[in-house]
Each structure stands twice: as C-alpha cells, then as structure tokens.
Amino acid sequence: MKILSTFCVAATAGLLLASCAVTAVKPGMTQGEVIAAYGRPSAIVPISTGTRLQYSGQPLGRFAVMVDLDASGRVVGAKEVMTPAEFSKIEIGKWTRSDIEREFGPPAIVDGVASWRGAIMTYRWRDAVTDMFFFVYLDAANIVQRTGQGMEIPARWEVD
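Residues numbered from 1 in each chain as written. Predicted model: local features only at pLDDT ≥ 70, side-chain atom pairs only at ≥ 80, totals over all residues. Heavy atoms only, no water.

Chemist: Looking at this model, I keep getting lost on the sheet that holds strand E3 (residues 64-70). Mind explaining?
Modeler: Sheets are built from strands paired through backbone hydrogen bonds, the pairs being either parallel or antiparallel. Across the sheet, which stays open at both edges, the four strands sit in the order E1-E2-E3-E4 with antiparallel pairing between neighbours. The two strands at the open ends of the sheet, each matched to only one other strand, are strand E1 (43-47) and strand E4 (75-80). Taking the axes of each pair of neighbouring strands and ignoring which way they run, one obtains an average angle of 20° across the sheet. Where strand E2 (residues 50-56) lies against E3, seven bridges are found, and the strand directions are antiparallel. Paired with Ser-56 across the two strands is Ala-64, which belongs to E3. Packed onto the sheet, helix H2 (residues 31-38) meets E1, E2, E3 and E4 and runs at close to 5° relative to E2. (Pairing = 2+ DSSP bridges. Helix = DSSP H or I, 4+ residues; strand = E, 2+ residues; numbered from the N terminus. Axes fitted to C-alpha atoms, helices over the stretch in contact; angles between N-to-C directions. Contact = heavy atoms within 4.5 Å.)

Chemist: Please clarify how helix H4 (residues 97-104) should be interpreted in this entry.
Modeler: Three- or four-residue spacings in an α-helix give side chains the same orientation, since the helix completes a turn every 3.6 residues. Buried residues of H4: Asp-99, Ile-100, Glu-103 and Phe-104, and no others. Angular distribution of buried residues about the axis of H4 spans 100°; they occupy a single face of the element. Elements that come into contact with the buried residues of H4 comprise E2, E3, helix H3 (84-87), strand E6 (116-126), strand E7 (131-138) and strand E8 (144-151). Immediately beyond the C-terminal end of H4, within one or two residues, lies Gly-105, with a positive phi of roughly 80°. (Buried < 20%, exposed > 50% of the residue type's maximum accessible area, 1.4 Å probe, protein only. Arc of directions from axis to C-beta.)

Chemist: Help me understand unusual backbone geometry in this model?
Modeler: As a rule of thumb, non-glycine residues mostly have phi less than zero, and peptide bonds are mostly trans rather than cis. Across the junction of Gln-58 and Pro-59, the peptide omega takes the value 15°, indicating a cis bond. Tracing the sequence through the fold places Pro-59 in the loop between E2 and E3. Located in the positive-phi region is Asn-142, a residue other than glycine, with phi close to 65°. If you trace the backbone, Asn-142 turns up in the loop between E7 and E8. Of the residues examined, Asn-142 reaches a relative accessible area of 31% and is grouped as partly exposed.

Chemist: Please clarify how the packing of aromatic side chains should be interpreted in this entry.
Modeler: In this description, an aromatic ring pair is defined by two values, namely the gap between the centres and the angle between the planes. Inspection of every chain in the model, using the stated rule, returns six aromatic pairs. Here Phe-87 and Phe-104 contribute two aromatic rings whose centre-to-centre distance is 5.4 Å and whose plane-to-plane angle is 40°, an arrangement assigned as tilted. Of this pair, Phe-87 sits in helix H3 while Phe-104 sits in helix H4, and the two are 17 residues apart along the sequence. Judged by its relative accessible area of 2%, Phe-104 falls in the buried class. Ring centres of Phe-104 and Tyr-123 lie 6.0 Å apart, and the angle between their planes is 55°; this geometry places the pair in the tilted category. Taken as a pair, Phe-104 in helix H4 and Tyr-123 in strand E6 lie far apart in primary sequence, 19 residues in all. Residues Phe-104 and Tyr-123 agree in their burial class; the two are buried. Chaining the aromatic ring pairs together yields one cluster made of Phe-87, Phe-104, Tyr-123, Trp-125 and Phe-134. Above the face of the Tyr-137 ring, Arg-146 is positioned so that its terminal group lies 4.0 Å from the ring centre. (Phe/Tyr/Trp six-rings, centres within 6.5 Å; stacked < 30°, edge-to-face > 60°. Lys NZ or Arg CZ within 6 Å of the ring centre and 35° of its normal.)

Given below as structure tokens:
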C-alpha cells in the first residue's frame, strides 16, 4: 500500500508541476528566474530563436513542459507538449529523432520490434481520462516514418 501511495503522490506532484509551470511562467522572465522557481530543467536545447528549457516527466510522468527563451535569455512562451495538437505537428518523412527530442524531450522508452527495422520512441501522456502511449517509428536513418498511439493498460495493483 505504501508503494502505491508514494507513486500517487509523485504522479500528482508531476501533474501540478506541469500545469503550474505553464501558467506561472511569464513572458520576460529570465532563465535564472525560471530555474529558481521550477528547478533545473531535464535538458537545455538550442532552438532557432534562442534556447528551450525542457521539463520532462518521462519516463514515469505524463507531461513535458517546454519553456522557450529568446536570444537574450528571456521567456517568450511555455507550453505542455504531451497533447494531440502538438503530436499532430510531426512531419512524417521530414522530422528526425533530433527534431522529436527537441520538441518533446526524451522519450519514456526507446525500443524495437522484429516487424520494424528502426527504433520506436514511446512517450507517456494523458488524454482527458486515459493514460496513453504515443509512438514515433524511426527508420534506420532516424527519420520519422509513422506515429501512432495506444492506451496504457496499467499492471494489476496488488494491495495487502
């Protein structure tokens, strides 16, 4: 029972961080102010307009918040990217693994199956009511060839 309670507290904290980070990060804040308020990001990556701070809950969480900074290091926007609208921006045959990781952060899992020759990146997210997986299928050259999604079926919890 204690493991389940600890997991629930951690999952709730992750959801709160994701929703609070998006609404509380204000345009004009400095990178230092964002880090002071929300902690160290899981990654800092260059983007065409400046820098992106990635706050990812992967592999166990179901959120990823991207905070974009301009060239002077000030916030221009923040958004949750584990959403159907963001997933729909992926361009099949054009985007690479690097593009996926820049836009969504590190995946929960990188795996493979016998029927697919490249890697499969798996992200965990939550729609309105269901825990979900989002899959990105890469070819041998790390180019996105297809995407898909499926419901995450939880393992049976044994509680004494």
